Amino acid sequence: MTFFDFYIPIVLSCLILALSGCSSRHPLPDHVDFNFHVKPLLADRCFKCHGPDPNTREADLRFDTRTGAFASLDSLGERFAIVAGDPANSEMIHRINHDNLDERMPPLESNLTLSEFEKKILEKWVKQGAEWKAHWAFMPPEQQGLPSIDNEEWAETPIDHFILARLEREGLSPVPAAAREKWLRRVTFDLTGLPPTLDEIDAFLEDQEPDAYERVVDRLIASKAYGERMAVDWLDLARYADTQGHHHDFERNMWPWRDWVIQAFNDNMPYDQFVTWQLAGDLLPDPTYEQLLATGFNRNHKITQECGVIEEEFRVEYVVDRTNTFSTAFLGLTMQCAQCHDHKYDPISQKEYYQLFSFFNNVPERGRWPHSEKTSSMPSLPLPVEQIAQTKQYIDRHIRNRDSGDEPVEEDYGTYEAELNVLMYPTMVMAELDTLRPAYILNRGLYSSPGERVFPETPESILPFSSEYPRNRLGLSQWLFDPAHPLTARVTVNRYWQMLFGTGLVHTPEDFGSQGALPTHPELIDWLAVYFMESGWDVAGLLKTIVLSSTYRQSSTVNPDLLGIDPGNALLSRGPHLRLTAEMVRDQVLAISGLLVDTLGGPPVKPYQPDGLWKEVSSGGTFLRKYNQSAGDDLYRRSLYTFWKRIQPPPNMITFDAASRNECTVRRQQTSTPLQALVLLNDPQFVEAARVFGERMMVEGGASLADRIAYGFRWATSRMPDEEEIGLLTALFEEERDGFAMNPDQADALLTVGEYAAESSHDPVEWAAYTTVASTLLNLSEAIYK
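Conventions we followed
- Each chain carries its own residue numbering, running from 1 in the direction its sequence is written.
- Local features in this predicted model are restricted to residues of pLDDT 70 or higher, and side-chain atom pairs are both shown and tallied only at a pLDDT of 80 or more, whereas totals for entire chains, interfaces and linings draw on every residue.
- For side-chain calculations, the full set of non-hydrogen atoms in the structure is used, while hydrogens and water are omitted.
- Note on conventions: DSSP H or I runs of at least 4 residues are helices, E runs of at least 2 residues are strands, and numbering of each starts at the N terminus.
- Any pair of residues with heavy atoms lying within 4.5 Å of one another is described as a contacting pair.
- For the exposure calls, accessible area comes from a 1.4 Å probe over protein chains only, and a residue counts as buried if that area is under 20% of its type's maximum, exposed if over 50%, partly exposed in between.
- Polar contacts here mean pairs of N or O atoms no more than 3.5 Å apart (in protein, one a potential hydrogen donor and the other a potential acceptor; neighbouring residues in sequence count only if both atoms are side-chain atoms).
- Put simply, a salt bridge is a Lys or Arg side-chain nitrogen that is within 4 Å of an Asp or Glu carboxyl oxygen.

K.L.:
Help me understand the environment of Val753 in this model?
P.N.:
Looking at the element boundaries, Val753 is found in the loop between α31 (744–750) and α32 (764–778). Here the alpha-carbon distance between Val753 and Leu436, two residues 317 residues apart in the chain, equals 59 Å. When sequence neighbours within four positions are dropped, the list of residues in contact with Val753 reads Pro684, Val687, Glu688 and Arg691.

K.L.:
Teacher, can you tell me more about the side chain of Asp587 here?
P.N.:
By the element assignment, Asp587 lies in helix α24 (residues 582–593). The exposure class assigned to Asp587 is buried, which follows from its relative accessible area of 2%. At 3.4 Å, the side chain of Asp587 forms a polar contact with the side chain of Arg638. Residues contacting Asp587, with those up to four places away along its chain left out, are Gly193, Leu194, Arg638 and Ser639.

K.L.:
Would you take a moment to explain the pattern of salt bridges for this structure?
P.N.:
It is possible for side chains bearing opposite charge to pair when their charged atoms get close. Under the criterion given, the structure shown has 44 salt bridges. Here Asp249 ties to Lys645 by a salt bridge, and the two come within 3.6 Å at their closest N and O atoms. Of the two residues, Asp249 sits in the loop between α10 (224–237) and α11 (255–266) while Lys645 sits in the loop between α25 (613–616) and α26 (651–655), which places them 396 residues apart along the sequence. Like Lys645, Asp249 is buried. Between Glu700 and Arg696 there is a salt bridge, with the nearest N and O atoms lying 3.1 Å from each other. On the criterion of helical spacing, the pair formed by Glu700 and Arg696 is a turn pair, its members being four residues apart in helix α28 (residues 684–700). Judged by its relative accessible area of 46%, Glu700 is partly exposed. Classification of Arg696 by relative accessible area gives buried; the value is 17%.

K.L.:
Got a minute to help me understand unusual backbone geometry in this structure?
P.N.:
Leaving glycine aside, a negative phi is the common case for residues, and trans is the common case for peptide bonds. A cis geometry characterises the amide bond from Met105 onward to Pro106, with omega recorded as -5°. For Pro106, the position within the fold is in the loop between α4 (91–96) and α5 (116–127). Between Met378 and the following residue, Pro379, the backbone shows a cis peptide bond with an omega angle of -5°. With respect to the helices, strands and loops of the structure, Pro379 is situated in the loop between α15 (350–357) and β3 (380–381). One non-glycine residue, His247, lies in the positive phi region at around 55°. On the secondary structure map, His247 appears in the loop between α10 and α11. By relative accessible area, which is 38% here, His247 ends up partly exposed. Here Asn569, not a glycine, exhibits a phi torsion of approximately 60°, which is positive. Mapped onto the fold, Asn569 is located in the loop between α23 (560–565) and α24. On the basis of relative accessibility, which here comes to 14%, the residue Asn569 falls in the buried class.

What follows is the structure, encoded as structure tokens:
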């Protein structure tokens, strides 16, 4: 047995069977591309072995590096796995086609096989010269010419050329455009997080001018709701919360940073500036208050206040968190895998991890911040005088509400007042030590096991760190937005594509490395990345370009044949059909019922929540934290402003897949569970909204039952109901009215859910029946999808 006989079975057993964008029903591509056709088939691990053949030398045969793949298989240099241009003498090609099952690769015991199509891909690649490239995401994006398409009339934007070219290549056609009101619903939710009003629907249906779609988009981006909607995803990425996360999970005061984010999006701050201020605003020349405040981004991590902890252990944890957040948010890489050892799949060493770590290691902070200090963990930034005055008014109002009995709270007044006073604390921000704090490779990632000292540096395989950049966080930001950087623009445009279509062009936004998904449309993601950079990193402009495309305008209707060919809509063969996010589900019922209070910014609020949840996770005694529900307008603020307690997040939000905010999250999970239906049917926020929505149908919907039902249906779905739907809802109303007439106590009980004052002049039986119809409308699949 030779080295190759022993070794190649192990390596080829790691072959990945699926080819991205290729299948056996298609002819071989004219040019076999290494990254998109070959690399998915090659093993991503290496092995060392001494074979019994005396001519065999110890070697690495590995298919994740060019040197390994083209290495000699014997000491005489006569056998090679790959011989460029010569499949006949390439041992890899010989073995994957071997007639003897004992010799064929992958081996039988691996339970893996290669299709004939996949074998031909490998053979053609070798025949064409076995061109080897760096990983696609580590090469700078290049400006792409628009591909030719047959249906030129369909393309509204350059995006459509790339999508249609792929569809035509697959023998498919785009579906028809969505109905105008459905497109309006989709784009209004996507850009504001709220449903369109009936007046907005009517105005758009009447507007037949060529630029009608564009003017809608401009109006939505100019609204203050745009910044609130955009901030939601950024808060996930920035792991924003209103509590510390560790031990007693006491309160912190980061909402001024959250409000800065909202305003930055509403100002359409260029993305490079937006990120630079957050990474290194304190290092800019003569930084402004806003630039300092922006650096709160890097202080959103969890902090401990527990007595007896080892401070250095937790200080290192905070730096690790910043390093991992930077990697996930801006590089789209799993660099945390290199915290304890070299990355197993991507060309990132443990040393490079701690070189990046050292950029964030120079903050004058402590591992533990005692709660007894009654201020924020240093460094911090005091609230401006005007904001202090507004916050004091907010606190005084809550205390007055408590004293008057208007605000439902539990015992222990002193704890409640202490919680409110945290809102006056300074906001945590970044600063630099005067002297560089040494950084080391931490053996096995242990804070107590330092090894070789390292200095600020970036991974060589991504982009060398220019000598022109200062070796601090400001220099790191300059490196991040270097025009030659291969990842920054791609990762960003992919995340915004995901925001609109549910899935990014790269399905793994957190992993652009070798274990992540390949882009479904590689030329398109490069075109978007270059376009984004050349626009001056204009986020609003990028979103406008995407939502005005014919691709985005497509109907989400799908037939069984198309569903079988493109089940996940990877080809963009139809429009997106997505359930509303957790925030949108709640905000929609507030908006269409008329309860929504659209005040911009301010301290966090505490809407309805089941009793006792905070007690279950509280340490008790003087450390007890109880959920003191807000009152009045604060019950009906947008979900963005809901108080976020890390160890017990808002339960209805978590049920609808909101992120926990314990770490950087760039992709929420998507589930469909019975608990979600129970929230929509029974949560006081939704029952109360149905009650007020039912009243709105009675007061504003017209004189007849059919008109009122149609009015409510349009609010919930953005379209007119058909006759069958009117009939079903009419029957429901009549059945419920008869039931409540026989049980008036049930009607009274339903109409007292929630704090919103009931209008006593309405017939309670009729109102309760309309409330049930309203609840039904709010539970329609069409109502919770966009």
